[in-house]
Amino acid sequence: MLDNLTQRLSGVIKNLRGQARLTESNIQDALREVRMALLEADVALPVVKEFTTQVKEAALGIEVVGNLNPGQALIGVVHRELTKLMGAANVGINLSTVPPAVILMAGLQGAGKTTTSGKLAKLLREQQKKKVLLVSCDVYRPAAIEQLRAVAEQLGIDFYASDVSQKPVDIALAAHDYAKKHHHDILIVDTAGRLAVDEAMMAEIKQLHAALKPIETLFVVDAMTGQDAVNTAKVFGEALPLTGVILTKLDGDARGGAALSVRHITGKPIKFVGVSEKMTGLEAFHPERMASRVLGMGDVLSLIEEAHREVDQAEAEKLAKKIKKGDGFDLNDFKMQIVQMRKMGGVSALMDKLPAQLSQAAAGSKVDDKAINRIEGIINSMTPAERAKPEIIKASRKRRIAAGAGVQVMHVNQLLNQFEQTQKMMKMFSKGGMAKMMRGMKGMLPGMGR
Amino acid sequence: MFGFLKKSTSNNTDNTARIGWLGRLKAGLARTGNQLSELFGRGGKIDDDLYEELETILITSDVGMDATRFLLAELRHQVKELRLTEADQLKEVLARCLLKLLAPLAQPLDAGAHSPFVIMLAGVNGAGKTTSIGKLAKYLQGQGKSVLLAAGDTFRAAAREQLMEWGARNNVTVIAQQGGDPAAVIFDAVQAAQARKIDVVLADTAGRLTTQAHLMDEIKKVKRVIAKALPGAPHEVLLVLDANTGQNALSQVKAFDDALDVTGLVLTKLDGTAKGGVIAAIARAHPIPVRFIGVGEGLDDLRPFVAEDFIAALLGLDE
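Residues numbered from 1 in each chain as written. Chains lettered and ligands numbered in written order. Predicted model: local features only at pLDDT ≥ 70, side-chain atom pairs only at ≥ 80, totals over all residues. Heavy atoms only, no water.

Q: Would you take a moment to explain the overall build of chain B for this structure?
A: Helix and strand counts for chain B come out as 13 helices and 8 strands. Computed over its C-alpha atoms, the radius of gyration of chain B comes to 21 Å, within 12% of the 20 Å expected for a compact globule of 319 residues. Based on the C-alpha atoms only, the size of chain B along its principal axes is roughly 65 × 45 × 30 Å. Expressed as a percentage of the 319 residues in chain B, the buried residues total 59%. Put simply, of all contacts in chain B between residues at least 6 apart along the chain, 78% involve residues at least 24 apart. With 36 positive and 38 negative side-chain charges, chain B shows a spacing of 4 Å between the two charge centroids. (Helix = DSSP H or I, 4+ residues; strand = E, 2+ residues; numbered from the N terminus. Rg over C-alpha atoms; globule rule 2.2 N^0.38 Å. Buried < 20%, exposed > 50% of the residue type's maximum accessible area, 1.4 Å probe, protein only. Contact = heavy atoms within 4.5 Å. Lys, Arg positive; Asp, Glu negative; His and termini not counted. Charge placed at Lys NZ, Arg CZ, Asp CG, Glu CD.)

Structure below.
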């Protein structure tokens, strides 16, 4: 299937690593691969052209300075240029105005404006302790207002009720008045999806902007968008003084090609990315991390952040203590790890964030969410005594557990073997530290099919 | 010159409506059409520069690398075979290459094969499933069929209300439950359709990204449960694709086909600027019949896919 950008570039860089010297011609090859990979990842052609030119210029300049390790030099250049293209540091929402600070949401149909409005409201309330009001100016799509109302109710955020018989501008102004009277810090204005080529609708959103004078005008764009992202971004950018971009549906398998295009065309920072269907699924955008991910260095920082948020700290500390002691790591802990892994979106979500080589290796070991579910099922079929002391599980207990979990005795044996390996590794860890642990790493992946 | 494009016109009775539709289709694909007309129209010889510019246009229309290479190879082969030298001769050859690629996808949906005929819709978030159901209901009613809608999107806020509003506008019954399980809602709808002797059931489902394994499992279950309500159903599994989507459309087609055995595609939101090429990418990588394409927000703006019309609009050909 479609190679993703990360894998593609990993391949290029691997080829370059084998080269003793970086010449004009092998840069050409590498750049062609970069170009292809970017195009297949839906980065718009004009952006790709400019990017590869920049990389080439920068790379050839470096060759003169020192060609000791050309492969690394090129990775560095591509990474730097990619980060540069995606914008500088992560920029938050600007709220420095007389309240209510108005945030206007704009974008195509189905980009995810309404869901994102809700997520943004929640994020601003929780991270900045702001009082937020939501209003919908979408009088066109059936039940669009109802959708935002339901989202607001679910989140416990104030909602200004509007009606399809009203004009969008009237709704927005009335909501603004209401927000002022009720001392809301922020008013988020959701709008109807519109095509860049629809002149009447573009005029309408210009009117909305003129009436509201929002401090933030955010362009919401679907991460799966194709080549047309440049055209859409251009027209929206010309019609409205955009202040930022929100990239949605980044939890899919399309990797941000549109991010590069939109960022390049509008010149506005990507402020947030949507990473889940859940209302917590809006994160700050980190250009540096995105560039790393694209280059096959993995998005390990996001993974750590996520682990911090989702993993129960108390449980983790308890486990750490047990590991230090070197014994006492039992099947209950094993299961706890599985549960925590699931909280972070399961194995597939974790794989996504690992560096390309590592995730390929892991994919080869047949670790998948199904195998994990099976392990959990088997552990659930054990008695507390068995979980605490797996060594008491003999033939007859195995048969009972297998029947309870709906698996073969073979699978129970596999799990017990894996558990034993993990336990051994934990002991190694407590005695010999990381080096030994890495050697024992193979046993860590609980693949059932091996 | 474009004889093959005229055939379909003559046997169409509703000519004025059709011309309106073709106009909108053409407007939707205008950017690509204009670029190609400009390229072929300015004359000159067929050379590498011309091929390179054509490659650029195809890529920026979301045709994708693989299908672009395929089309260019075909084109070069034809040019050699026919000993063509002039740029303006290339347009017709390109039209033929595209037709060869896309014609197999133009298989209209026959909703009369079973009664009730159960159609299940699937797709990623925001592709336009619920809106397409409204338009499909209108289209099927226009063919004299009775229609029932099943509000199977029990996840997104107000998806149910959105469908119910469509139903109210078109005077169509909508089967919905407050909250609940999507499979259960659709099961009820299929049974209701059998009891009421309805011709077609349109079942909505929640949007889902293909990376969400548990949601892909859920939709497999929905399909299995439909078969329990009516053996042999669903008779059609439509994957709704947003024409704004780039090459990820291929991943979507593959993942949904693996999960559900998709029988047809609906391509929505073709009325932008530089789109439509993704159909060629799909035809090349994972061909599945394109049942309908949508070029506007109007109720009548979803129509069966006709390869000749589409190519004529894409290449800016005049009939």
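Q: Explain unusual backbone geometry here, please?
A: Trans is the prevailing form of peptide bonds, just as negative phi is the prevailing case for residues other than glycine. Residue and element names in this part refer to chain B. The omega torsion across S115 and P116 is -5 degrees, close enough to zero to call that bond cis. The backbone of A158 sits at a positive phi, close to 65 degrees, despite the residue not being glycine. The topology assignment puts A158 in the loop between β2 (147-150) and α8 (159-170). By relative accessible area, which is 8% here, A158 ends up buried.

Q: Is there a simple way to explain empty space enclosed by the protein in this structure?
A: Over the atoms rolls a probe the size of a water molecule, and its path tells where empty space is left. Following the criterion strictly, the structure yields 8 cavities of 30 Å³ or more and no others. By volume, the largest cavity amounts to about 110 Å³. Taken together, 14 residues make up the lining of the largest cavity; nearest its centre are A:L108, A:A111, A:D222, A:T225 and B:N244. Counted by class, the lining of the largest cavity contains 6 nonpolar, 6 polar and 2 charged residues. Taken together, 13 residues form the lining of the second largest cavity, with B:V63, B:L98, B:G277, B:A280 and B:L314 sitting closest to its centre. Of all the secondary-structure elements, those providing two or more residues to the lining of the second largest cavity are α6 (90-102), α12 (278-285) and α13 (307-315) of chain B. (1 Å grid on protein atoms, 1.4 Å probe; cavity = no way out; pocket = protein on both sides within 12 Å on 5 of 7 lines; lining within 4 Å. Points joined across faces, edges and corners; volume = space filled by probe spheres on them. Nonpolar A, V, L, I, M, F, W, Y, C, P; charged D, E, K, R; others polar.)

Q: Would you take a moment to explain the sheet that holds strand β4 (residues 200-203) of chain B for this structure?
A: Two strands in a sheet stick together by hydrogen bonds in their backbones, pointing the same way (parallel) or opposite ways (antiparallel). All names here are of chain B. The strand order across the open sheet built from 8 strands is β3-β2-β4-β1-β5-β6-β7-β8, with neighbouring strands paired in mixed fashion. The two strands at the open ends of the sheet, each matched to only one other strand, are β3 (173-175) and β8 (302-304). Neighbour-to-neighbour, the strand axes of this sheet turn through a mean angle of 25 degrees, independent of strand direction. Relative to strand β5 (residues 236-242), strand β1 (residues 117-123) runs parallel, the two being bridged by 5 bridges. Among the inter-strand pairings, G123 is bridged to a residue of β5, identified as V240. (Pairing = 2+ DSSP bridges. Axes fitted to C-alpha atoms, helices over the stretch in contact; angles between N-to-C directions.)

Q: I would appreciate a short explanation of the packing of aromatic side chains in the present structure.
A: Here a ring pair, both rings aromatic, is described through the centre-centre distance and the interplanar angle of the planes. All names here are of chain B. Tallied over the entire structure, the rule returns 4 aromatic pairs over all chains. Judged by centre distance (5.2 Å) and plane angle (80 degrees), the rings of Y139 and F292 are edge-to-face. Linking Y139 in helix α7 (residues 129-142) with F292 in strand β7 (residues 290-294), this pair joins segments that are 153 residues apart in sequence. You can call Y139 partly exposed: its relative accessible area is 24%. Positioned above the aromatic ring of Y51 is the side chain of R76, whose terminal nitrogen or guanidinium carbon lies 4.0 Å from the ring centre. Sitting above the plane of the W166 ring, R169 keeps its charged end 5.5 Å from the centroid. (Phe/Tyr/Trp six-rings, centres within 6.5 Å; stacked < 30°, edge-to-face > 60°. Lys NZ or Arg CZ within 6 Å of the ring centre and 35° of its normal.)

Q: Would you mind showing me how to read the interface of chain B and chain A here?
A: Often, the extent of an interface is quoted as the loss of accessible area upon association of its parts. With 43 residues of chain B in contact, the opposing surface of chain A contributes 35 residues. Overall, the association of chain B and chain A removes approximately 3500 Å² of surface from exposure, summing both partners, and the carbon and sulfur fraction of that is 58%. Linking chain B with chain A are 10 residue pairs in polar contact (both at pLDDT 80 or more). Of all the secondary-structure elements, those providing two or more residues to the side of chain B that touches chain A are α4 (48-60), α5 (65-82), α8, α10 (213-229) and α11 (248-260) of chain B. (Buried area = accessible area lost by both parts, 1.4 Å probe. Polar contact = N/O pair within 3.5 Å; in protein donor to acceptor, adjacent residues only side chain to side chain.)

Q: What am I meant to see in the domain arrangement of chain B here?
A: Residue and element names in this part refer to chain B. Partitioning chain B into domains gives domain 1 (12-105) and domain 2 (117-305). Computed from C-alpha coordinates alone, the two centres of domain 1 and domain 2 are separated by 31 Å. Taken together, the contact between domain 1 and domain 2 spans 21 residues of the former and 30 residues of the latter. Summed over both sides, the interface of domain 1 with domain 2 buries roughly 2000 Å², with 61% coming from carbon and sulfur. Of all residues in domain 1, W21, D62 and L105 give up the largest surface area on contact with domain 2, accounting jointly for 36% of the area buried on that side. (Domains from an automatic or database assignment.)

Q: Looking at this structure, I do not really get the confidence of the model for chain A. What am I missing?
A: Any region with low pLDDT has predicted coordinates that should not be read closely. Residues and elements named next belong to chain A. Across chain A, pLDDT averages 78, with 68% of residues at or above 70. Contacts of residues 63-68 to residues separated by more than four positions or lying in other chains number 3 contacts, the stretch itself having pLDDT below 50. Here residues 433-450 is modelled with pLDDT under 50, and outside its nearest four sequence neighbours on either side it reaches 32 contacts, counting other chains as well. (pLDDT = per-residue confidence, 0-100.)

Q: Teacher, can you tell me more about the nonpolar core here?
A: For soluble globular proteins, nonpolar side chains are generally found buried alongside one another. Ranked by internal contacts, the top residues of the largest apolar core, which has 113 residues, are B:L102, B:L202 and B:F310. Per-element accounting of this core gives the leading share, 9 residues, to α6(B). No fewer than three residues from each of domain 1 (12-105) and domain 2 (117-305) of chain B sit in this core. Setting aside chain neighbours within four positions, we find B:F310 in contact with B:L25, B:L29, B:L102, B:L270, B:G276, B:I279, B:I293 and B:F305. Residues A:L31, A:A179, A:I205 and A:A259 belong to the second largest nonpolar core, which totals 63 residues. (Core = buried A, V, L, I, M, F, W, Y, C linked by side-chain atoms within 4.5 Å.)

Q: Just to check I follow, could you spell out the packing of helix α3 (residues 30-41) of chain B against α4(B) for this structure?
A: Packed helix pairs are characterised by how far apart their axes lie and by the angle those axes make with each other. All names here are of chain B. In contact at an axis separation of 10 Å, α3 and α4 are set at 175 degrees when each is read in the N-to-C sense. Between α3 and α4, the angle is such that the two are roughly antiparallel. For the pair α3 and α4, contact is made by T32, Q35, L36, L39 and F40 and by L50, E53, L54, I57 and T60, respectively. Counted by class, the contact of α3 with α4 contains 6 nonpolar, 3 polar and 1 charged residues. (Parallel < 35°, antiparallel > 145°, perpendicular 65-115°, else oblique.)

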